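Analysis of the macromolecular model
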Amino acid sequence: MGDDTWKDLFPGAFSQAFFFPSFNVRDLHTVDNGILEHLYPTMDGGEWDVLIAHFLGVDHCGHKHGPHHPEMAKKLSQMDQMIQGLVERLENDTLLVVAGDHGMTMNGDHGGDSELEVSAALFLYSPTALFPSTPPEEPEVVPQVSLVPTLALLLGLPIPFGNIGEVMTELFSGNKDSQPYSSALAQASALHLNAQQVSRFLHTYSAATQDLQVKELQRLQSLFSKASADYQRLLQSPQGAEATLQAVIAELQQFLRGARAMCIESWARFSLVRMAGGATLLAATCFLCLLASRWAASPGFPFHSLLLIPVSWGLAGAIVYAGLLATTGLKLDPVVLGAVAAVGSLLPFLWKSWAGWGARRPLAALLPIPGPVLFLQLVRWATFFSDSFVIAEARATPFLLGSLILLLVAQLHWEGQLLPPKLLAIPRLGPSTPAGPPRHNGMHALGLGVGLLLCTRLAGLFHRCPEETPACRSSPWLSPLASMVGGRAKNLWYGACVGALVVLLAAVRLWLRRYGNLKSPEPPVLFVRWGLPLMTLSTAAYWALASGADETPPRLRALVAGASVVLPRAVAGLAASGLVLLLWRPVTVLVKAGMGTPRTRTVLTPFSGPPTSQVDLDYVAPQIYRHMQEVFRGQLERTNSQGPLTVAAYQLGSVYSAAMVTALTLLAFPLLLLHAERISLVFLLLFLQSFLLLHLLAAGIPITTPGPFTVPWQAVSAWALMATQTFYSTGHQPVFPAIHWHAAFIGFPEGHGSSIWLPAFLVGANTFASHLLFAVGCPLLLLWPFLCESHGPRKRRQTPRNDAEARVRPEEEEVEEPLMEMRLRDAPHHFSAALLQLGLKYLFVLGVQILACALAASILRRHLMVWKVFAPKFIFEAAGFIVSSVGLLLGIALVMRVDGAVSSWFKQLVLAQQR
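Residues numbered from 1 in each chain as written. Predicted model: local features only at pLDDT ≥ 70, side-chain atom pairs only at ≥ 80, totals over all residues. Heavy atoms only, no water.

1. Some details on the overall build of the chain
In terms of helices and strands, the chain carries 29 helices and six strands. The burial tally for the chain puts 46% of its 915 residues in the buried class. Of the contacts formed within the chain by residues at least 6 apart in sequence, a portion of 76% connects residues at least 24 apart. (Helix = DSSP H or I, 4+ residues; strand = E, 2+ residues; numbered from the N terminus. Buried < 20%, exposed > 50% of the residue type's maximum accessible area, 1.4 Å probe, protein only. Contact = heavy atoms within 4.5 Å.)

Written out as C-alpha cells, the structure is:
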C-alpha cells in the first residue's frame, strides 16, 4: 500500500496492492489517505503474511514546508493515530515494524550523508516478548551491522540475495532466562544463515565478473568453509563446546566483515588510464580554445573550414581505430572510440599551432590573460581541490568577484581612462585611433563599482547553507510564500515580489524606449508592448494562487487547480511565441517608405551603380545608416511642398543589443516561474548587476576603427563569476539533496505520468537558469561598448542657412552622430572574429573549471569526501558547461540572425535607392 515505487521494484510480487503516485512532493495527502482507506480493513481480514504500508506525507511535508511548519505537526499527529490504531489490532503472533527509510535535514531535505539524513528511527513492537526485557550490563555495539538481514530473520523470510551486511546478533540472544550456551548458539545460527547467503552471493558474483580480488576471495571462502564445518560439528555434539562456539561466532563475523570490506574496495576502483586520457583531452581542448581565440583576429583565419576539417579528421581517426580493433579481434569500447574521434578533431589545429610557432612568438604569448586576472583564476581553480573551499564556494565566489571589480576600477584609473570632466575632450592614447573620448569620469566609474559591490552583497543574503556547516542558517527568503504562517508578512512579501516583476518589466521597456526600439510596428516590438505585461500578470496571478492554495475554500479548489495548470503554461507559451517572433523579424527599428524623394545628398557617391561585391556592400552600409539618421531628424515631418519620404529608419545603432535584451527578458520569465516567489528579487539583482558590470567594462574596452574588436579577459572572467554567484543566490548547491525537485510540477501539479523528459527538463532549467541566462547574454560583452558610444559628448551638425554660411562652414567641420553598433559593420571580418573570440574565451574559462574539477575528483578519488563533494561538484560543473555551451551557441546564433537580417535589409535598401 502507498508508494508506487514498490510496483517497479517488485512487479507481480504482491497478492494484493494499492499503489498511489509518489513523485509529486507537493501532494501531502493522496498517498496517506489512500493507505488509511485500505489499511485497517485489510489487516482485520487476516488474508496476508506481510503487510507493507509506505506513507509519504511526512516526507513530502518536509520537502514542501520543512520540519517546523504547522503542517508537519498535523502529519505527525496523523501518523501517531495510525500507529495507535495498529497496536490495538495486533495479534500475539504479529510483529509491528515502524521504520524510516531516511532522515531529514533542518530544511526538510535528504539524500546526503549527514547525521540527520542517515539516522532514521526503528520501532519494533509485538504483544508477546521477543527480546530481553532488561538490557545487558555492558552492551557491546557491533560495527557495520545491517537492518536487512536482521529484519528478514525476525520475519522468518530469506535474507535478500544481494545483501552483504551483518546481522544484529544481540536480537537473537534469547530472553533473560536463557542459558549462555543457548544464547550463543542462537547467535551462531543467525550468523551462519547470514554467512551462507553472503557466500552464495560472492560465488555467483565472482562467476559473472572479475571485479573481486581472487586471493582475498579464496581466503574468505576457506574461512567460511572452516567456520561452517565447526558449526556443523557443534550441532552434532554440543556437550562441552562453549569455547569452540565462541570461536565459530568470531570466525563467521570475520568472514562477513571481510566480505563487506572486499566488496567495498573492489567496487570503488577507478580506471586511471581513462582518467588520464580524459584529463589530457580536456586540457588539449582548453589549450585549443586559447590558441584559436588568438588566431581568430588574424586575417587568414579559416572560418569556412572551421567545422569541416575537424569533423573529417575525427571521423578518419575513429574509422582507423575501429579498423584496427576489427583486425586484432579486440572489443570495441565506445568511450575510447569517442575519445579517439575527439583527439583526431584536435590534431589539425594542434599541428598548425606547432608548425607556426617560432621565435617570433615567445612563450609568454601562450598566456594572453593579464597577470592579476590569471592570479584570481588560479586561486579559483585551486579551490576545487579543497573540500572546505568547494563547500564554501557560495562565499568564495562573491569575494573573487568583488576583487575583480576593484581590479577593474584600479586598471581604468591606471590607464588614464577615468579622467576628470574638464579633460574629457582629450583623446585616449593608444596604437589605434579611438572612436571618441573617454565615456566615463572617475566618479561615475567609481559609482558603478560601488553599485556592483552592493549588488553582490545583497545577492549574498539569499544563501543556502551546506549541510556540512551546522552553525550556518539558510536564508528564509528561499522558501516559498506558502510556507509562511503570518498572513500580513506573506502579503508584504507578495507585494515585494510582484513589485520586482514590475520593475524588471519597466526597466526593459524604458531601456528599449531610450534607444528607440519601441517605435517599430514589427511583431517582436508589439509583443514587448503587450506580451510582456501579460506574462507579468500571469506570473503574479500564479504566485497568488500558489501562496494561498492551502487556504482556498472548498468550492473554489477546482478553479484554483485549473488556474495553477493554465497560468504557468501560458507564461511558457507566451515566452516561446515571443522568441519565435524575434527570430522571424529580429530587426526592431522604425522603417517607413513612400513615393517622394529625399532632399539629402547622394548616398552612394563613390559608386556609379549598385555594389558588385560584398566589400562594396560593407562599405556602403555605414553611409546608408548615416543617411537614414539625417532623414529621420530632418525630413520626418512631411509638408505639402516636399512630399512624403522615400526611406526613414531610426536607431539601428542598438539593433543587436535590443534583440539580445528582449530575448533575455523572454527567457527570464519562465525560468523565474520555476523558482520560489522571492527569488524574483534575485533575478532583478541579476539584471541590475549585469547592467552595471557591462557599463563598467565598457569604460575599459577601447573601440578602434579600423582594427579588431577584442573583449578583454577581465570581462569574460567577471561574467563567468557572476553566473556562478547567481547559481548560489538562487538557492542551489552542487549536491543532489539541494536540487529543487518541486520545479517539475510547476504547471503539472498532477504529475507527468510515465514521462521523465519533461520533468527532467524543468528541474534542469531551474538548476542551471543562471548558466543559461549569462551564456545567452555573453555577446553583450562585445556589443555594449559600442552601445555606450552614445554616452559621450556629441556635436550636432549645424545646417547652413544660406550659401554664404555654407562657404564659411565647410563640410569638413561637420561632426556626425555616433554609429554605435553600426560601427561593427565597418569591418564585418573583425566582427565575426570578435564574436568567435568571445565564445572561445568563455568556453576556455568554463572548460578550465571542468578540468580542475575532474583533476580534483581523480587525484582525491580515495578522499573521504569524494562522493559527497568532489564527484557531485564535477557532475554539476559538467552539466552547467553543457547548458552554458548550448546557451552560448543560441546567443551567438541570435546575433548572427540579426546581422543577416540587417545585411539583407541593407542590400534591398541599396537596390531601392539605385532604382
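2. A closer look at the side chain of serine 564
Looking at the element boundaries, serine 564 is found in helix α19 (residues 557-584). Note on serine 564: relative accessible area 17%, which makes it buried. For serine 564, the contacting residues outside a window of four places in its chain are Tyr542, Leu545 and Gly747.

3. Some words on the nonpolar core
Membership of the largest hydrophobic core comes to 134 residues, with the highest contact counts inside it found for Met535, Tyr656, Leu696, Leu781, Leu782, Tyr842 and Phe844. For this core, the element with the highest residue contribution is helix α21 (residues 655-673), accounting for 15 residues. Residues within four places of tyrosine 656 in sequence aside, it is in contact with Leu783, Glu821, Met822, Leu824, Arg825, Phe831, Val895, Val898 and Asp899. One finds Tyr181, Leu212, Leu217 and Val248 within the second-largest nonpolar core, a separate group that totals 28 residues. (Core = buried A, V, L, I, M, F, W, Y, C linked by side-chain atoms within 4.5 Å.)

4. Observations concerning the state of the cysteines
Tallying each qualifying case throughout the model produces one disulfide. Linked covalently through their sulfurs, cysteine 465 and cysteine 472 form a disulfide whose S-S length is 1.8 Å. With the S-S dihedral at roughly -55°, the linkage between cysteine 465 and cysteine 472 falls on the left-handed side. The class of cysteine 472 is partly exposed, set by a relative accessible area of 33%. (Disulfide = S-S within 2.5 Å.)

5. A closer look at helix α17 (residues 487-514)
For α17, spanning 28 residues, the distance from its first C-alpha to its last is 40 Å, which sits close to the expected 40 Å at 1.5 Å a residue. Within the span of α17, buried status applies to Lys490, Trp493, Cys497, Val498, Ala500, Leu501, Leu504, Leu505, Val508, Trp511 and Leu512. The elements touched by buried residues of α17 are α18 (523-547), α21, α22 (680-699) and α26 (780-787). (Expected span 1.5 Å × (residues − 1).)

6. Structural notes on the side chain of histidine 675
The residue histidine 675 is located in the loop between α21 and α22 in this model. Here histidine 675 falls in the buried class, since its relative accessible area comes to 5%. From its side chain, histidine 675 meets the backbone oxygen of asparagine 766 in a polar contact 3.2 Å long. For histidine 675, the residues in contact, after removing those within four places along its chain, are Phe683, Thr730, His732, Asn766 and Ala769. (Polar contact = N/O pair within 3.5 Å; in protein donor to acceptor, adjacent residues only side chain to side chain.)

7. Re helix α8 (residues 214-236)
Taking 1.5 Å per residue as the helical rise, α8 with its 23 residues ought to reach 33 Å, and the 33 Å between its terminal C-alpha atoms agrees with that figure. Within the span of α8, buried status applies to Leu217, Leu220, Leu223, Phe224, Ala227, Ser228, Asp230, Tyr231 and Leu234. Of the surrounding secondary structure, the elements contacted by the buried residues of α8 are α7 (180-208) and α9 (242-267).

8. A short note on a nonpolar patch on the surface
A grouping of Leu9, Phe10, Phe14, Val50, Ile52, Leu155 and Leu157 is seen on the molecular surface, where their side chains present a nonpolar patch of about 580 Å² in accessible area. Within the secondary structure, phenylalanine 10 sits in the loop between α1 (5-9) and β2 (19-20). (Patch = residues over 30% accessible without salt bridge, like charges linked within 9 Å, V, L, I, M, F, W, Y side chains within 5 Å. Areas by Shrake-Rupley, 256 points an atom, 1.4 Å probe, with all protein chains shown as cover. Salt bridge = Lys/Arg side-chain N within 4 Å of Asp/Glu carboxyl O.)

9. Focus: the pattern of salt bridges
Per the counting criterion, the structure on display carries twelve salt bridges. With a shortest N-O distance of 3.5 Å, aspartate 44 and arginine 89 are connected by a salt bridge. Separated by 45 residues along the polypeptide, aspartate 44 in helix α2 (residues 30-45) and arginine 89 in helix α4 (residues 70-89) bring together distant segments of the chain. Overall, arginine 89 belongs to the partly exposed group, its relative accessible area being 32%. Aspartate 230 serves as the salt-bridge partner of arginine 233, at 2.0 Å between the closest nitrogen and oxygen. In this pair, arginine 233 and aspartate 230 both sit in helix α8, three residues apart, roughly one turn of the helix. Under the relative-accessibility criterion, aspartate 230 is labelled buried at 11%.

10. Some thoughts on the packing of aromatic side chains
Each aromatic ring pair is specified by the distance between its two centres and by the angle formed by the two planes. Counted according to the given criterion, the structure contains 19 aromatic pairs. Each ring, one from tryptophan 6 and one from phenylalanine 14, has its centre 6.4 Å from the other, and the planes form 65°; the classification is edge-to-face. Classification of phenylalanine 14 as partly exposed rests on a relative accessible area of 34%. With a centroid separation of 5.4 Å and an interplanar angle of 65°, the aromatic rings of tyrosine 656 and phenylalanine 831 are classed as edge-to-face. Residue tyrosine 656 is located in helix α21, and its partner phenylalanine 831 is located in helix α28 (residues 828-859); the two are separated by 175 residues in the primary sequence. Judged on exposure class, the residue tyrosine 656 and its partner phenylalanine 831 are both buried. An aromatic cluster of at least three residues, connected via ring pairs, comprises Trp6, Phe10, Phe14 and Phe19. Here the basic side chain of arginine 89 rests over the ring of tyrosine 40, its NZ or CZ set 4.2 Å away from the ring centre. The aromatic ring of tryptophan 493 is capped on one face by arginine 678, whose charged end is 5.0 Å from the ring centroid. (Phe/Tyr/Trp six-rings, centres within 6.5 Å; stacked < 30°, edge-to-face > 60°. Lys NZ or Arg CZ within 6 Å of the ring centre and 35° of its normal.)

11. What about the packing of α8 against α9?
Contact pair α8 / α9: the axes reach a minimum separation of 9 Å and the direction vectors enclose 155°. The pairing of α8 with α9 is recorded here as roughly antiparallel in orientation. In terms of crossing hand, the pair formed by α8 and α9 is left-handed. Contacts between α8 and α9 involve Glu216, Leu217, Arg219, Leu220, Leu223, Phe224, Lys226, Ala227, Asp230, Tyr231 and Leu234 on the former and, on the latter, Thr244, Leu245, Val248, Glu251, Leu252, Gln254, Phe255, Gly258, Ala259 and Met262. Classifying every residue of the contact of α8 with α9 gives 13 nonpolar, three polar and five charged. (Axes fitted to C-alpha atoms, helices over the stretch in contact; angles between N-to-C directions. Parallel < 35°, antiparallel > 145°, perpendicular 65-115°, else oblique. Left-handed = near helix turned anticlockwise from the far one by under 90°. Nonpolar A, V, L, I, M, F, W, Y, C, P; charged D, E, K, R; others polar.)

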